[in-house]
Amino acid sequence: MDVLNFMRLFVEVARHKSFRGAADALGMPNSTLSRNIAELEKAIGLKLLNRSTRRVELTEAGETYFKRCECIVEEALSAHEALLDLAERPMGMLRVSLTSSFAVGYLAPILKDFANEYPLIKFDFDVSSKVVDLLTEPYDLAIRMGPAPTAPSRLIVRQIASMPRYLYASPDYLRRSPPLKHANDLVNHVLCGRPANTGMIDIWRTLRRGDETVQVEVAARYGTNNAAVAMSLAAEGLCIAAIDPQMACIEVKAGRLQRVLLDWQMDPVQVHAVTDTRQLPARTRLFLDFLKKRLSRLPAGA
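As a starting point, this report considers the structure included with it. (Residues numbered from 1 in each chain as written. Predicted model: local features only at pLDDT ≥ 70, side-chain atom pairs only at ≥ 80, totals over all residues. Heavy atoms only, no water.)

Here we take up the sheet that holds strand β7 (residues 166–169). If you trace the four strands from one edge of the open sheet to the other, you get β8-β11-β7-β12, paired in mixed fashion. Since the sheet does not close on itself, it has two edges, and those belong to β8 (191–192) and β12 (258–260), each with one partner. Inspection of the sheet shows β7 paired to strand β11 (residues 240–243) by three bridges, in the antiparallel sense. For Tyr168, the partnering residue across the bridge sits in β11 and is Ala241. The strands touched by helix α7 (residues 227–235) are β7, β8 and β11; relative to β11, the strand with the most contacts, the crossing angle is about 140 degrees. Its contacts with the sheet place helix α8 (residues 245–253) against β7 and β11, and it is angled at close to 25 degrees to β7. (Pairing = 2+ DSSP bridges. Helix = DSSP H or I, 4+ residues; strand = E, 2+ residues; numbered from the N terminus. Contact = heavy atoms within 4.5 Å. Axes fitted to C-alpha atoms, helices over the stretch in contact; angles between N-to-C directions.)

As structure tokens, this is what we get:
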């Protein structure tokens, strides 16, 4: 028995002192309302209403029940409306777990537009590569770059972007290093980045040009899982690094980096958002929509 719903029906009848008037206000058949009130009286074991052909009067028990139920129903409806308002209005604290590479390279340059559009949203960014438990920790979502993260069945994983990666090196590095005309030449160069697989052979990266595929089987001298660190090392002339063009553009404009092997492509890096539910509050839903739209418009880079 849905006690709260029966209370709501009873309160409407008591207010209107009429089944027909209450039924019209509730948008339900008069016969259905009458049957529900009868079920309520049977469940309580007391008569709540005296029915006549002209009007409905509360019994003594009905008067007592009405005074208590009216406050309860109003409070419940108020709470329900407040939650609906929260779900639809973009407001409150948005807690996001994300890596430093994504935070610095992608989010920081575009966040101002989102923040200006939704001034009632506050932000709490936990910048770390650690795995967070969305079921027990107070995050609205986690953003991760790379293959789709393995998550418990209760979590929802959405791909929100696919980001290109190109190879970059500093002009100084290229001047003092062996020629670099073909992807196979990378075995003679100093590289930065962890292997792209976890097998016995260190495949640094796989590059493609048309139908041609080259797996660069060499251990990188500089290992890091942080794109900003890789870019800094490359800009200092220490190595060649695979970098997203959005991150590299400032260093390219400054003349500290330039793209190499222009006609070779690498697999793009996927960006995923992880949440603990499909029913997202407005602030989280709008933030994800914003990221998908803006990341899809990023320039391909030089």
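Here we come to the sheet that holds strand β5 (residues 141–145). With mixed pairing, five strands are arranged side by side in an open sheet as β4-β3-β5-β14-β6. Only two strands of the sheet have a single neighbouring strand rather than two, namely β4 (121–127) and β6 (156–163). If you compare each strand with its neighbour and ignore which way they point, the axes differ by 25 degrees on average. Sheet topology note: the β6/strand β14 (residues 269–275) ladder contains seven bridges and is antiparallel. By the bridge assignment for β14, Val157 is matched with Val274.

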